[in-house]
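Structural overview for review
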Amino acid sequence: MDQKARDTRRNRLYGLAFTLTCFVAGTVYGWPALRRDLIKEGGLTEKQLGAVFTCGAWSVQGGRFAAGLIRDALGTKRTACGCLLCVLLGAVLVATVASDNFAGLALGMLFLGLGSGAQLCIQPVTGLFPENASAAMATLSGAFQISGLVFLVCSGIARAGADRLGAYLAFAACVCVLLALSWVYLPYGFKFTIDDESRDERRDESKGATKSATVDRDEEAAVSDAAVVLKETSGETSDGKEGEGDDGKVQTSMAAVAVAPRKPPPPLSHLTRRGQLLSDEYIALLAWFSVCVTPAQYYVLSIGWQLERKGDDAGDYTRAFVILYAASAALAPIGGAVADKYGVGFAQGLATALTGSSFVVLLSDSLPAQIAGMTLYSVGRLFVFALFFSNIGRRFGFAHYGTLVGFGMLTSAVLSMLQYPMFTLAIDESVDWVNASCAVAIAGCLPYTAWLSRRERGEKRRFAGMTANEEA
């Protein structure tokens, strides 16, 4: 396969991954739009509606643990398609159950959230873009937030005359199309390859080939691809002859292949799965992510109610939140670029500060001020999730990616169950006290990001010193 064909294939795979993420990964976070529709239809109390969202938000997080384990055992295609079937079931439930059917709506949101595991399966596609790994990963996290528009679009379709039934069945039809495309184009194995060996992989896997054998073939293919690119840039022709005036370039190219890549490997990629799970860095990452995610989940759960308390009777600011949440996806490459240039520690610190600031703004009763707060929240949340995924890829590698991400999602899901008692406390006692507590908890994560940034700088200096010694 020549370079042009490889580029076409990797762009096609990334395009499918981006589209799939836009439709199913974070659908439940468009909840404020669906909530207003259900309130108009009547039948459930505010606390019951909060519990419905909690089911969906929990399954987004916790379901990825199961998706990660299944992906590591069965491969990408089977797991992603299974997740899409869950989305299909959830969409049908949300379309067909009555507005006073608490169990039916809760199950619908639960299945919609479980479908988010499809994003975890396709995130290793960013390994096809080693030159911009964090930017590619962050863009997928941006697509996650775009998926929050699904409920808003369905709400608009329903108001146009299709009702909730027609709107969500139309969404289910779109999911069917994505399911078919995923079955055709996604790889069976655990990595997204860019060579012609995918057919051989499927044949080997059908015979019971082990995961390690698949990974070895992928690594060999990557070396082969690197050699092809070096040959092309040096002027060597396909039959092994050198181009005119290129004396010595082939030898230089082969020497470049023999030398280690100019970028260091993930610093914790040499550890076993157990070693990575028990490492101080993974435990610290898990704590940071879980502490940031719990208030972030509460924000989505409560924002519609909080805006109405501040005077948003027509729901204009609620709709603005959904739009701002999705529009922040445009900034995803910036977060990735910051991580690529300054390290994930620095970028995680930025994400922490933005998310915490949004809760400070909630302490104000001014509705116009909430536009700034919702913007801070949307960008901060985007970066938090993007950098969690990017951190694992950059710091731990992809060998145990599904397990590491899945376990992180499960842990954060357990802790984020606090969002519902936080919401009931805000309703019954003091919403300002809850908002202030969220801001303080998130700010407490900043020392970790400074520690990680300092560790990254030290590793960069050591690698630069080793490279200089090798060149000398």
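Because the structure is predicted, anything quoted here is derived from the model rather than measured. (Residues numbered from 1 in each chain as written. Predicted model: local features only at pLDDT ≥ 70, side-chain atom pairs only at ≥ 80, totals over all residues. Heavy atoms only, no water.)

On to the overall build of the protein. What the protein contains, in helices and strands, is 21 helices and zero strands. Out of the 472 residues in the protein, the part that is buried amounts to 51%. The contacts of the protein with a sequence gap of at least 6 include a subset with a gap of at least 24, amounting to 83%. (Helix = DSSP H or I, 4+ residues; strand = E, 2+ residues; numbered from the N terminus. Buried < 20%, exposed > 50% of the residue type's maximum accessible area, 1.4 Å probe, protein only. Contact = heavy atoms within 4.5 Å.)

It is possible for side chains bearing opposite charge to pair when their charged atoms get close. On inspection of all chains with the given rule, the structure shows 13 salt bridges. For Glu308, the salt bridge goes to Arg35, with nearest N and O atoms at 2.9 Å. With Glu308 in helix H13 (residues 280-309) and Arg35 in helix H2 (residues 31-41), this pair connects stretches of sequence that are 273 residues apart. Note that Asp365 and Lys310 form a salt bridge whose closest N and O atoms lie 3.9 Å from each other. Here the residue Asp365 occupies a position in the loop between helix H16 (344-361) and helix H17 (367-396), and Lys310 occupies one in the loop between H13 and helix H14 (316-327), the gap between them amounting to 55 residues. Taking the relative accessible area as the measure of exposure, Asp365 reaches 62% and is therefore exposed. Residue classification places Lys310 among the buried residues on the basis of a relative accessible area of 15%. Residues joined by salt bridges that share partners form a network here, namely Asp280, Glu281, Arg395, Arg455 and Glu459. (Salt bridge = Lys/Arg side-chain N within 4 Å of Asp/Glu carboxyl O.)

Take the packing of helix H4 (residues 76-96) against helix H8 (residues 149-185) next. For the pair H4 and H8, interaxial distance at closest approach is 8 Å and the crossing angle is 170°. One way to sum up the angle between H4 and H8 is to call them roughly antiparallel. Counted by class, the contact of H4 with H8 contains 21 nonpolar, two polar and two charged residues. (Axes fitted to C-alpha atoms, helices over the stretch in contact; angles between N-to-C directions. Parallel < 35°, antiparallel > 145°, perpendicular 65-115°, else oblique. Nonpolar A, V, L, I, M, F, W, Y, C, P; charged D, E, K, R; others polar.)

Take Glu456: it is sitting in helix H21 (residues 446-471). Although Glu456 is buried, it forms no salt bridge, and the closest oppositely charged side chain is Arg395 at an N-O distance of 4.2 Å. At a separation of 3.1 Å, a polar atom in the side chain of Glu456 contacts the main-chain amide nitrogen of Val344. The contact partners of Glu456, leaving out residues within four places of it in the chain, are Gly343, Val344, Gly345, Phe346 and Arg395. (Lys, Arg positive; Asp, Glu negative; His and termini not counted. Polar contact = N/O pair within 3.5 Å; in protein donor to acceptor, adjacent residues only side chain to side chain.)

Keep in mind these values describe shape, not function.
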